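Chains, contacts and geometry: an overview
Listed below, chain by chain, are the residues.
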Amino acid sequence: MAKKSENYRSQAWFGKPDKDGFLHRSWMKNQGLPDHVFDGRPVIGICNTWSELTPCNAHFRRIADHVKRGVYEAGGFPVEFPVMSLGETNLRPTAMLFRNLVSMDVEESIRGNPIDGVVLLTGCDKTTPALLMGASSCNLPTVVLSGGPMLNGKFHNQDIGSGTSVWAFSEDLRAGKMSLASFMEAEGCMSRSAGHCMTMGTASTMASMVEGLGVAMPTNAAIPAVDSRRYVLAHIVGRRITEMVGNDVKLSQILTRKAFENAVRVNGAIGGSTNAVLHLMAIAGRIGVKLEIDDWDKLGRDVPCLVDLMPSGRFLMEDFYYAGGLPVVMKELLDRGLLHGDALTVSGQTVAENVAEATCWNREVIHSYEQPFKPQGGIVVLRGNLAPGGAVLKPSAATPALMRHRGRAVVFDDIEHFKKRVDDPALDIDESCVMVLKNCGPKGYPGMAEVGNMPLPEKLLKKGVRDMVRISDARMSGTAYGTVVLHTTPEAAVGGPLALVQDGDMIELDVAGRRLHLAVDEAELGRRKARWAPPKPAMAGGYQSLYVERVLQADQGADLDFLVGCRGAAIPRESH
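Residues numbered from 1 in each chain as written. Predicted model: local features only at pLDDT ≥ 70, side-chain atom pairs only at ≥ 80, totals over all residues. Heavy atoms only, no water.

The subject of this paragraph is the pairing of strand β11 (residues 469-472). By the alternation rule, side chains of β11 split into Val 469 and Ile 471 and Arg 470 and Ser 472, which are all buried. The pairing of strand β10 (residues 434-437) with β11 spans 4 bridges and is classified as parallel. Across the sheet, Leu 437 pairs through a bridge with Ser 472, a residue of β11. Sheet analysis places β11 next to strand β12 (residues 484-489), joined by 2 bridges and oriented parallel. (Buried < 20%, exposed > 50% of the residue type's maximum accessible area, 1.4 Å probe, protein only. Helix = DSSP H or I, 4+ residues; strand = E, 2+ residues; numbered from the N terminus. Pairing = 2+ DSSP bridges.)

When we look at a pair of aromatic rings, we describe it by the centre distance and by the angle of the planes. With the rule as written, the count across this model stands at 7 aromatic pairs. Above the ring of Trp 50, the side-chain terminus of Arg 61 is found at 3.7 Å from the ring centroid. Between Arg 62 and the ring centre of Tyr 231, over which it is positioned, the NZ or CZ distance is 4.0 Å. (Phe/Tyr/Trp six-rings, centres within 6.5 Å; stacked < 30°, edge-to-face > 60°. Lys NZ or Arg CZ within 6 Å of the ring centre and 35° of its normal.)

Generally speaking, nonpolar side chains in soluble globular proteins are found buried as a group. Counting 123 residues, the largest nonpolar core has Leu 132, Phe 260, Trp 296 and Phe 320 as its most contacted members. The biggest single contributor to this core is helix α12 (residues 275-287), with 9 residues. Once residues lying within four places of it in the same chain are set aside, the contact partners of Leu 132 are Leu 120, Val 144, Val 210, Leu 213, Val 215, Leu 251, Leu 255 and Ile 283. Ranked by size, the runner-up nonpolar core spans 28 residues in total, among them Ala 387, Ala 398, Met 403 and Leu 509. (Core = buried A, V, L, I, M, F, W, Y, C linked by side-chain atoms within 4.5 Å. Contact = heavy atoms within 4.5 Å.)

Covered by surrounding structure in β10 are Val 434 and Val 436 together with Met 435 and Leu 437, the residues of both alternating faces. Pairing of strand β9 (residues 404-412) with β10 involves 4 bridges; the strand directions are parallel. The residue bridging Phe 412 from the neighbouring strand is Leu 437, located in β10.

On to helix α20 (residues 542-550). Residues of α20 that are buried: Tyr 543, Gln 544 and Tyr 547. Buried residues along α20 cover an arc of 100 degrees about the axis, so they all sit on one side. When the buried face of α20 is taken as reference, the exposed residues oriented beyond 90 degrees from it are Gly 542 and Glu 549. (Arc of directions from axis to C-beta.)

Our next topic: the sheet that holds strand β2 (residues 77-82). A sheet is described by the order of its strands in space; here 4 strands give the open sequence β2-β1-β3-β4, paired in parallel fashion. Of all the strands in the sheet, just β2 and β4 (142-146) have a single pairing partner and so form its edges. This sheet shows a mean twist of 20 degrees between the axes of neighbouring strands, independent of strand direction. Here strand β1 (residues 43-48) runs beside strand β3 (residues 117-122); their pairing, made up of 5 bridges, is parallel. For Ile 44, the partnering residue across the bridge sits in β3 and is Gly 117. Helix α5 (residues 127-136) rests against β1, β3 and β4 of the sheet, and its axis sits at about 165 degrees to β3. (Axes fitted to C-alpha atoms, helices over the stretch in contact; angles between N-to-C directions.)

Rendered as structure tokens:
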């Protein structure tokens, strides 16, 4: 049972025999709470991103109930609280615009309330980093619990995956290979249970990242949302966070440099999303660990992709779980000396102890290190005069023949220009060209939307072309694929070299050499820069103005500059 203590921070609210204590306890009692829940037991906050507008998280009320059972069983007092939910599926202009806002919501909700430890209920893409960023700035005992992926999509006797199959179906429709009726039928076949994307998109990647970091329990990443074992895990998490408070195991004891190095390598082995680059750097910045964009290349360069999952492969998260899940992948890496086995995790055990008994049940889904699915899974960091601050590419989802390429630029000034121009029959473009999209970065869009995987021109799709080199300062969905260069820094909206690219310029991509080069001489680039003017902001006033003014570039995680760092959870002064 949990230790009771007058030293828990919640006792500054509930433990005082005075006016302030009276007010705090009395108002809580209108929910039918008895005296003994205020007796010095740990108060566990359950940070819930439930929302019907975030379908990936719409089952979270049930998950929260199971967490509460575990907390009560361990002798704690659970209190559930809401924060803004980020649904990639509905939120415009992009959920990424609001990741930092939600992190503020989380941070201030934790610090301002009588909470001793917190469980973060995460699911859809940006909910995981947003909640963990906010919690990292407080540094209380913390466990992340993901909501789990959907069951495999099923369409015409085939497995289909969130996002990945949408991109493929859309291009088949535009190429005349798929009927509109079949396209519409696939909608209900893709999303057929509760949960987030069941491909190795950003949601599944981040669920894997928190397990790889050690801030989630083993098997967190892959248990399907509707599998009863997801609710068993929720119950266990409730027990475990209560124990962590009693032992004062703070988040900073888990989120160490070793933990981040482990996560970067895990991301390579699963063929994880490029979005993990931004999110892990932002989380590291909050907890006070130095993690830079070049670490992704240095640590992940030689990590093979072991997992045959969409978008890089064939299978889906349900298959991944049945094959043994992330513990199997981590054991493969640990056995080759690629993980820090002594890193502490929220289970109370080390990484090595967590995965010691991991067994693979399907080598088609999870390959061995000696016979990997693909030789390279780690994120590539490119540099050159087109990306002096760096750009990223995901080799496991790219076309090998395009990894070294020289082509003529076809330029789109913004997303509206792209949509207006891409299917114009008169557009001068062929499969050897390089598509360039500007003004879609953190400040330019704003929020760095997932538009970097530009749909190919219809006339090329009808010729059978399925991939081209594409370059932008945007992101792309983790469910997407292609030879797509993303996060080009500095972005076009601040006058980065991307802003200076014109139709007809030659661009050179050399993935092996980590090079992205614009073949235009410096004098001409200087003349273009002199003529350049920044785009007008999309909105005057409000949160968007604050965001555009203070957001950092992609190579620093795109956090707001004033949010970087850990401010702790000192008890605030009284409210009355």
